[in-house]
Amino acid sequence: MFNIILFGPPGSGKGTQSEKLIDRYGFKHLSTGDLLRSEIANKTPLGLEAKSLMDKGQLVPDEVVIGMIDSALDANPGVNGFLFDGFPRTTAQAEALDKLLSLKKSEIGVVVALQVPEEELISRMLNRAKTSGRSDDADEQVQRNRLSVYTRDTLPVADHYRTYGKVEEVVGLGSIEDIFGRLTAVIDSKKGAPA
Ligand code: B4P
């Protein structure tokens, strides 16, 4: 099993590239953003709690997303690898993920970190707001808040995996196809490398 974390700030294209990567490699896609939006659409108590936080650009509590990932790992035995998209977003989530995978005799193969400048991120998210229907997209102040939460809480996740030599940085600017090419080059070299 080869597991990947697609890492990057909000709006860096994690969801966009994940769709292409699962087509190419057959990974099981686990997006905590998508799982939370599905809870919101189904108006579950968890979804209602999550929506109020997401609309402000804040993170949903660690125990909630860790529980979702734990269930999703158990629900997908025998897959050839997981692609984690938007998770882990805090060091506590990263440590929990490492433990859950080690219980399954597995680990993270590579963390691919998309690099995109802040003004481009804001512009992409405001653009996405025109079609996404996402209430967390429309307000520029919310975007700025999401980016500061990312810098404070999520960037340390990259440091966590850097200590294990697992982080590969990829330029996230340019066409979707160009970025996909850069990502597959990294993944192919890591998948082929001996453990
Ligand atoms: P997510 O759903 O993870 O989404 P995201 O970070 O906003 O966006 P992503 O990087 O996937 O960008 P996309 O491909 O859409 O998070 C939403 C919220 O959920 C969080 O703020 C948080 O509240 C909560 N949450 C999720 N996971 C959590 C966790 N683990 N812990 C706690 N809370 C959690 O791309 C963005 C736009 O750019 C799109 O419109 C796309 O078309 C465009 N785009 C993509 N590539 C482009 C390119 N190369 N050039 C130009 N535009 C491009």
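Please read these numbers as outputs of a predicted model, since none were measured by experiment.

About the criteria used
- Residues numbered from 1 in each chain as written.
- Predicted model: local features only at pLDDT ≥ 70, side-chain atom pairs only at ≥ 80, totals over all residues.
- Heavy atoms only, no water.
- 1 Å grid on protein atoms, 1.4 Å probe; cavity = no way out; pocket = protein on both sides within 12 Å on 5 of 7 lines; lining within 4 Å.
- Points joined across faces, edges and corners; volume = space filled by probe spheres on them.
- Helix = DSSP H or I, 4+ residues; strand = E, 2+ residues; numbered from the N terminus.
- Nonpolar A, V, L, I, M, F, W, Y, C, P; charged D, E, K, R; others polar.
- Expected span 1.5 Å × (residues − 1).
- Buried < 20%, exposed > 50% of the residue type's maximum accessible area, 1.4 Å probe, protein only.
- Arc of directions from axis to C-beta.
- Phe/Tyr/Trp six-rings, centres within 6.5 Å; stacked < 30°, edge-to-face > 60°.
- Lys NZ or Arg CZ within 6 Å of the ring centre and 35° of its normal.
- Core = buried A, V, L, I, M, F, W, Y, C linked by side-chain atoms within 4.5 Å.
- Contact = heavy atoms within 4.5 Å.

Focus: the layout of surface pockets
Space left empty within the atom packing is revealed by a probe, the size of a water molecule, rolled over the atoms. For the largest pocket, the calculated volume is near 970 Å³. Contributing to the lining of the largest pocket are 47 residues, with Gly11, Lys14, Arg128, Arg134 and Arg146 lying nearest its centre. Secondary-structure elements contributing two or more residues to the lining of the largest pocket are β1 (3–7), α1 (14–25), β2 (28–31), α2 (32–41), α6 (118–132), α7 (140–162) and α8 (176–192). A class-by-class count of the residues in the lining of the largest pocket yields 17 nonpolar, 18 polar and 12 charged.

Examining α8
The terminal C-alpha atoms of α8, which comprises 17 residues, lie 24 Å apart, in line with the 24 Å expected from a rise of 1.5 Å per residue. Within α8, the full set of buried residues consists of Ile179, Phe180, Leu183, Thr184, Val186 and Ile187. The buried residues of α8 occupy an angular sector of 165 degrees when the element is viewed end-on, so they sit on one face.

Details of unusual backbone geometry
Look at the link from Phe87 to Pro88: it is a cis peptide, with omega at 0 degrees. Residue placement: Pro88 occurs in the loop between β3 (82–85) and α5 (91–103). Non-glycine residue Lys105 carries a positive phi angle of around 60 degrees.

A word on the packing of aromatic side chains
Going through the model one piece at a time under the given rule, you end up with 4 aromatic pairs. Between Phe84 and Phe87 the ring centres are 6.3 Å apart and the planes differ by 45 degrees, which places this aromatic pair in the tilted class. Pair check on accessibility: Phe84 and Phe87 agree, each one buried. Aromatic ring contacts, followed pair by pair, group Phe82, Phe84 and Phe87 into a single cluster. In this arrangement the basic side chain of Lys20 is found over the ring face of Phe180, its NZ or CZ atom lying 4.9 Å from the centre.

Observations concerning the nonpolar core
Counting residues in each nonpolar core, the largest one holds 30 residues, and the members touching the most others are Phe84, Leu97 and Tyr161. Within the residue set of this core, elements represented by two or more residues are β1, α3 (45–54), α4 (62–74), β3, α5, β4 (108–115) and α7. When residues of this core are assigned to their parent elements, the largest contribution, 7 residues, is made by α4. Ignoring sequence-local partners within four residues, the contact set of Leu97 consists of Ile5, Ile69, Phe84, Phe87, Pro88, Ile108 and Tyr161. Judged by nonpolar contacts, the second largest core, of 16 residues, contains Leu114, Val170, Ile179 and Ile187.

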